[in-house]
Amino acid sequence: MERLLPLAGEVAALLKKRGETLALSESSMGGLVSAALVAQPGASAFYLGSTVIYTREGAKALYALQGPPAPDVKPLTEPYAAAMAEIVRAKFGSTWALAEMGAAGPSGSPYGPGPGTAVIGLSGPHPASITLSTGSADRVANMRAFAKGALERLREALTRAG
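Residues numbered from 1 in each chain as written. Predicted model: local features only at pLDDT ≥ 70, side-chain atom pairs only at ≥ 80, totals over all residues. Heavy atoms only, no water.

1. Here we look at the environment of leucine 122
Our working rule: In this description a helix means any DSSP run of H or I spanning at least four residues, a strand means any run of E spanning at least two, and both kinds are numbered starting from the N terminus. In this scheme, a residue with accessible area under 20% of its type's maximum is buried, one over 50% is exposed, and one in between is partly exposed, where area comes from a 1.4 Å probe on protein chains only.
The topology assignment puts leucine 122 in strand S4 (residues 117-123). Given a relative accessible area of 5%, leucine 122 falls into the buried group. Through-space distance from the C-alpha of leucine 122 to that of arginine 89 is 9.3 Å; in sequence the pair is 33 residues apart.

As structure tokens, this is what we get:
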């Protein structure tokens, strides 16, 4: 997490300056992004909360999902992550929401993608989604890479939003 703190600090400063809020739903990042953001002084000014959803049962329990978050959307795809981010933003009432799911390794996902693959969806004034691929089966390294990628995308969107 230590390597994520400077990047999380930039995100925190942008959110506080803009008076905006953030909520998250993490999966294969395991809460690393949330931890890095909560570690920032004054986090309560922008950070509303997060979940770490690791199974379908968890998603059903917390978000009352009966199926895909949008019709005909397959898990571990950019449209799925974007739809989840919108659900998180609506549930928390935040300005921004980030949702991630992936296969950290050492094996791939039951949905198809191999280890080292994550999708990140961002909902808010400048929505975006991205697929990250590390090409590695190193679980811990992938978790860190996914978290770094998520924070970079969030910083990018916040900067673009002005």
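What follows continues from the structure just given.
2. So, the pattern of salt bridges
Heads up, the condition is: When a carboxyl oxygen of Asp or Glu lies within 4 Å of a side-chain nitrogen of Lys or Arg, that pair is called a salt bridge.
Enumeration over the complete set of coordinates arrives at 6 salt bridges. In this structure, glutamate 10 engages arginine 155 in a salt bridge whose closest nitrogen and oxygen atoms are separated by 3.0 Å. Placement of glutamate 10 in helix H1 (residues 5-18) and of arginine 155 in helix H5 (residues 139-160) is noted, with a sequence separation of 145 residues between them.

3. Considering the pairing of strand S5 (residues 128-133)
So the rule is basically this: When DSSP finds two or more bridges between two strands, those strands count as paired.
Direction of pairing for S4 relative to S5: antiparallel, over a ladder of 6 bridges. Bridge pairing links threonine 117 to serine 133 in S5.

4. Focus on the side chain of serine 34
What counts, and what does not: The term polar contact refers here to a pair of N or O atoms within 3.5 Å; inside protein, the definition further demands a hydrogen-donor-capable atom paired with an acceptor-capable atom, and it admits residues adjacent in sequence only when both atoms are side-chain atoms. A contact between two residues is defined here by any heavy atoms of the two lying within 4.5 Å.
Note on placement: serine 34 falls in helix H2 (residues 32-38). Owing to a relative accessible area of 6%, serine 34 belongs among the buried residues under this scheme. Side-chain polar atoms of serine 34 contact the side chain of glutamate 26, separated by 2.6 Å. Sequence-distant contacts of serine 34, defined by excluding residues within four places in its chain, comprise Leu24, Glu26, Tyr47 and Ser50.

5. What to know about the packing of H1 against H5
Threshold: Fitted lines through C-alpha atoms give the axes, limited to the stretch in contact for helices. The angle between two N-to-C directions lies from 0 to 180 degrees. An angle counts as roughly parallel when it lies under 35 degrees, as roughly antiparallel when it exceeds 145, as roughly perpendicular when it falls between 65 and 115, and as oblique in every other case. By convention, the crossing between two helices is left-handed when the near helix turns anticlockwise from the far helix through less than a right angle, and right-handed when the turn is clockwise. Residues were grouped as follows: Ala, Val, Leu, Ile, Met, Phe, Trp, Tyr, Cys and Pro as nonpolar; Asp, Glu, Lys and Arg as charged; and all remaining residues, including Gly, as polar.
Between H1 and H5, the least distance of the axes is 9 Å, while the angle of their chain directions is 30°. If you check the angle between H1 and H5, you find them roughly parallel. For the pair H1 and H5, the crossing hand works out as left-handed. Across from Leu7, Ala8, Glu10, Val11, Leu14, Leu15 and Arg18 in H1, the residues of H5 making contact are Lys148, Leu151, Glu152, Leu154, Arg155, Leu158 and Thr159. In terms of residue class, the contact of H1 with H5 is built from 8 nonpolar, 1 polar and 5 charged.

6. Here we look at the nonpolar core
What counts here: Nine residue types can take part in a nonpolar core, namely buried Ala, Val, Leu, Ile, Met, Phe, Trp, Tyr and Cys, and a core is a set of them joined through side-chain atoms within 4.5 Å.
Residues Val33, Leu37, Leu98 and Leu151 are the most contacted members of the largest nonpolar core, which totals 31 residues. Secondary-structure elements contributing two or more residues to this core are H1, strand S1 (22-26), H2, strand S3 (96-103), S4 and H5. Setting aside anything within four residues of it in sequence, one finds leucine 151 in contact with Leu4, Leu7, Ala8, Val11, Val33 and Leu37. The next biggest cluster of nonpolar side chains, apart from the first, holds 10 residues, and it includes Val73, Ala81, Ile87 and Ala99.

7. A closer look at H5
We apply this condition: A helix is expected to span 1.5 Å for every residue after the first.
Between the first and last C-alpha of H5 there are 31 Å, a value that for 22 residues agrees with the 32 Å anticipated at 1.5 Å per step. All buried positions along H5 are accounted for by Asn142, Met143, Phe146, Ala147, Gly149, Ala150, Leu151, Leu154, Ala157 and Leu158. Tucked into the core, H5 has its buried residues touching H1, S1, H2, S3, S4 and S5. Backbone geometry just downstream of H5 places glycine 162 in the positive-phi region, at approximately 85°.

8. Some remarks on the sheet that holds S4
Taken in spatial order, the 5 strands of this open sheet run S2-S1-S3-S4-S5, and their pairing is mixed. In the strand order of this sheet, the two ends are held by strand S2 (47-52) and S5, each with one partner. On average, adjacent strands in this sheet sit at an angle of 10° to one another, irrespective of strand direction.

9. With respect to the pairing of S2
Stated formally: Whether a crossover is right-handed comes down to one check: with the strands pointing away from the viewer, does the path from the first strand over the helix to the second run clockwise; if it does, it is right-handed.
Where S1 and S2 come together, 5 bridges link them in parallel fashion. In the strand pairing of S2, leucine 22 is matched with tyrosine 47. For the segment spanning S1, H2 and S2, crossover handedness is right-handed.

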